[in-house]
Amino acid sequence: MPAGGTLAPSDAVITPLDEIRVRADFPILERSIRGKRLAYLDSAASAQKPMTVIESMREYYAEHHSNVHRGVHLLSEEATTAFEGARDTARRFLNASLAEEIIFTSGTTAGVNLVAQSWGRSNLGPGDEVVVTTFEHHSNLVPWQVATQQAGASLRVVPLDSHGALDLGEYERLLGPRTRLVAVSHASNVLGTVAPIAEMTAMAHQVGALVFVDGAQAAPHFPIDLQALDCDFYALSGHKLYGPTGIGVLYGRAELLSQMTPWQTGGGMIQRVEFEGSTWAPPPARFEAGTPPIAEAVGFAAAMDYLSRIGFQAISDHEQTLLTYLTEQLETVPGITIFGTAPGKIGVVSFGLDGVHPHDVATVVDTHGVAVRAGHHCAQPLMRHLGVSATLRASLGLYNTRADVDQLVVALGDARRRLGA
Ligand code: C6P
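All values derive from a computational prediction rather than experimental measurement.

K.L.:
Just to check I follow, could you spell out helix α14 (residues 402–419) for this structure?
P.N.:
Residues separated by three or four positions in an α-helix point in the same direction, a consequence of the helix having 3.6 residues per turn. Helix length check: α14 (18 residues) gives 25 Å between terminal C-alpha atoms against 26 Å at 1.5 Å per residue, within 8%. Of the residues making up α14, those classed as buried are Asp404, Val405, Gln407, Leu408, Val409, Ala411, Leu412, Asp414 and Ala415. Backbone geometry just downstream of α14 places Gly420 in the positive-phi region, at approximately 70 degrees.

Below you can see the structure in the form of structure tokens.
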């Protein structure tokens, strides 16, 4: 289990992950790509969906769909029950204390923007500081950049060590009386590094700062226990957690949410509306203006139930074993550089091949049925820190096997030959 992951008691006794059964749950893995077996190594961009997620959404639309919180008719009641049931599934999955602390958003990006604008507008002022890290995804960087610029505040950046881990000594030095908030990714989408959130949160709270955690990459790999982490906000995306696109969760501590003004306004989030002004519904409705992603919430709940059934101990053991194999196999490829070697990392491996551009390599490996990502991965400041403009990235999900790794390594050999590396 990577650093930062704690086991819920219900996970304590589990069987190892059954590769064949798990792969059979994901119909897309049966597809052939350019005449080859699909080796999907791009789950950090978006994970594939098990049949239970697809089926739950089909059934919802076929039998229960209507709008939520609005009608008194049976279908509206059923849709509302399904939607609010999904909220409670998310609460349990993340071990939050209250369902009211779970806000459905369209994804991690929307969660960051919500807090940066709603909390930021009333809590950031001239001279204040927001601490971010060198490995932030643009989604957990640019919204804070905009919010601090609007407020006359500034960003401070935590540096990395040579393995890609956060320099906690420097972090401690950056924290001070002007620090209002720390915005940090629980796991880096490029390096795979896992940030010690509980420790960082305790340090931030000592100086009176809040902590916003971007959990987009962490949540698919190990259990998230919000009460143990003790952070103030936590955002994640359904589509990276084997659920649908268009939905995510923003967790906010109840006492903070109740003091925050809405970011977006409209139907469903008000208490009373007059031409002269309006008052707001309590959270979470205050932050869910308009018709929410109902079918997506149903599918997302099915994904969380699916992961809970398999158990994070089994998922993590499987992915960590495969990560070791992937790293060993990549190291046999001549001219390779791996970026990110922090202990306890998640199954995300970024790398470069001497003398060839990552996009060209990704194009060749695609002809072998291998899906990897190439680019700056929405982390341009990190690319500058690494001294490259782009990397290749292979990322693991619970359905990957040694066969996927072997297929990648053969494809990389071919790419080197064809591209003259
Ligand atoms: N990273 C990747 O290939 P959205 O798009 O809102 O679901 O997630 C944004 C996001 C936020 N934080 C981190 C750490 C992320 O990795 C991502 C999405 C994808 O790495 C797409 S760039």
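Back to the write-up after that little detour.
K.L.:
What should I look at first to understand the nonpolar core in this one?
P.N.:
In summary, soluble globular proteins display a tendency toward joint burial of nonpolar side chains. Ranked by size, the top nonpolar core spans 82 residues in total, and within it Tyr171, Ile224, Tyr234, Leu307, Leu398 and Tyr399 carry the most contacts. In terms of residues, this core owes the most to one element, helix α10 (residues 294–310), which gives 12 residues. Domain assignment of the residues forming this core places at least three in each of domain 1 (19–42 + 311–419) and domain 2 (55–308). Those residues in contact with Tyr171, other than ones at most four positions away along the chain, are Val131, Val158, Val182, Met200, Met203 and Ala204. In this structure, Leu41, Leu353, Leu396 and Leu408 belong to the second largest nonpolar core, which totals 29 residues.

K.L.:
Even after reading the chapter, I still don't get the site of the ligand, so can you show me in this structure?
P.N.:
The environment of the ligand is made up of 17 residues, and the closest members are Thr109, Asp214, Gln217, Ser237 and Arg373. Here Asp214 contributes a side-chain N or O atom positioned 2.5 Å from a nitrogen atom of the ligand. Contacts to the ligand include Lys240, whose side-chain N or O atom sits 2.9 Å from a nitrogen atom. Protein chains shield 87% of the accessible area of the ligand, which is 520 Å² for the free molecule. Among the residues forming the shell around the ligand, the class breakdown is four nonpolar, nine polar and four charged. For the shell around the ligand, the two domains that each supply at least three residues are domain 1 (19–42 + 311–419) and domain 2 (55–308).

K.L.:
What is the right way to read the environment of Tyr40 from this model?
P.N.:
Within the element layout of this structure, Tyr40 appears in strand β3 (residues 39–40). Separated by 226 residues in the primary sequence, Tyr40 and Gly266 have C-alpha atoms spaced 40 Å apart. When neighbours within four sequence positions are excluded, Tyr40 is seen to be in contact with Leu29, Ser46, Gln48, Ala371, Ser395, Tyr399, Asn400 and Asp404.

K.L.:
Looking at this model, I keep getting lost on the environment of Asp161. Mind explaining?
P.N.:
Along the polypeptide, Asp161 turns up in the loop between β6 (154–158) and α6 (168–174). For Asp161, a relative accessible area of 34% puts it in the partly exposed group. Residues Asp161 and Val409 lie 248 residues apart in sequence; the distance between their C-alpha atoms is 28 Å. Separated by 2.9 Å, the side chain of Asp161 and the backbone nitrogen of His163 make a polar contact.

K.L.:
In this structure, what is going on with the sheet that holds strand β7 (residues 179–185)? I would like to understand it.
P.N.:
By way of backbone hydrogen bonds, the strands of a sheet pair with one another, either parallel or antiparallel. Across the sheet, seven strands lie side by side as β4-β10-β9-β8-β7-β5-β6; this open sheet has mixed pairing. The sheet is open, and its two edges are formed by β4 (102–105) and β6, each paired on a single side. Within the sheet, the average angular offset between the axes of one strand and its neighbour, ignoring direction, is 20 degrees.

K.L.:
Can you help me understand the pattern of salt bridges in this one?
P.N.:
Close approach of charged atoms allows side chains of opposite charge to pair. In the structure shown here, the tally under the stated rule is 17 salt bridges. Between Arg393 and Asp42 there is a salt bridge, with the nearest N and O atoms lying 3.5 Å from each other. Of this pair, Arg393 sits in strand β17 (residues 391–395) while Asp42 sits in the loop between β3 and α2 (51–64); the two residues are 351 residues apart in sequence, bridging distant segments of the chain. The burial state of Arg393 is the same as that of Asp42; both residues are buried. Between Glu170 and Arg173 there is a salt bridge; the shortest N-O distance is 3.0 Å. With Glu170 and Arg173 both in helix α6 and three residues apart, this pair spans about one turn of that helix.

K.L.:
What am I meant to see in the packing of α2 against helix α3 (residues 74–94) here?
P.N.:
Working note: a packed helix pair is described by the angle between its axes plus the distance between those axes. Interaxial distance between α2 and α3 falls to 10 Å at its minimum, and their mutual angle equals 160 degrees. Here α2 lies roughly antiparallel to α3, going by the angle between them. Residues Tyr60, Glu63 and His64 of α2 touch α3, and the partners they reach there are Leu75, Glu78 and Ala79. Class assignment for the residues of the contact of α2 with α3 results in three nonpolar, one polar and two charged.

K.L.:
Whenever I open this one, the sheet that holds strand β13 (residues 336–339) confuses me. Can you help?
P.N.:
Strand order in the open sheet formed by four strands is β13-β14-β17-β16, with antiparallel pairing between adjacent strands. Each end of this open sheet is capped by a strand with a single partner; those strands are β13 and β16 (373–375). Averaged over all adjacent pairs, the angle separating strand axes in this sheet is 30 degrees, with direction ignored. Pairing of strand β14 (residues 348–353) with β17 involves four bridges; the strand directions are antiparallel. When the sheet's bridge partners are listed, Phe351 is paired in β17 with Leu392. Those strands touched by helix α11 (residues 312–331) are β13, β14 and β17, and its axis lies near 5 degrees from that of β14.

Thresholds, definitions, all that
- Residues numbered from 1 in each chain as written.
- Predicted model: local features only at pLDDT ≥ 70, side-chain atom pairs only at ≥ 80, totals over all residues.
- Heavy atoms only, no water.
- Helix = DSSP H or I, 4+ residues; strand = E, 2+ residues; numbered from the N terminus.
- Expected span 1.5 Å × (residues − 1).
- Buried < 20%, exposed > 50% of the residue type's maximum accessible area, 1.4 Å probe, protein only.
- Core = buried A, V, L, I, M, F, W, Y, C linked by side-chain atoms within 4.5 Å.
- Domains from an automatic or database assignment.
- Contact = heavy atoms within 4.5 Å.
- Near = heavy atom within 4 Å.
- Polar contact = N/O pair within 3.5 Å; in protein donor to acceptor, adjacent residues only side chain to side chain.
- Areas by Shrake-Rupley, 256 points an atom, 1.4 Å probe, with all protein chains shown as cover.
- Nonpolar A, V, L, I, M, F, W, Y, C, P; charged D, E, K, R; others polar.
- Pairing = 2+ DSSP bridges.
- Axes fitted to C-alpha atoms, helices over the stretch in contact; angles between N-to-C directions.
- Salt bridge = Lys/Arg side-chain N within 4 Å of Asp/Glu carboxyl O.
- Parallel < 35°, antiparallel > 145°, perpendicular 65-115°, else oblique.

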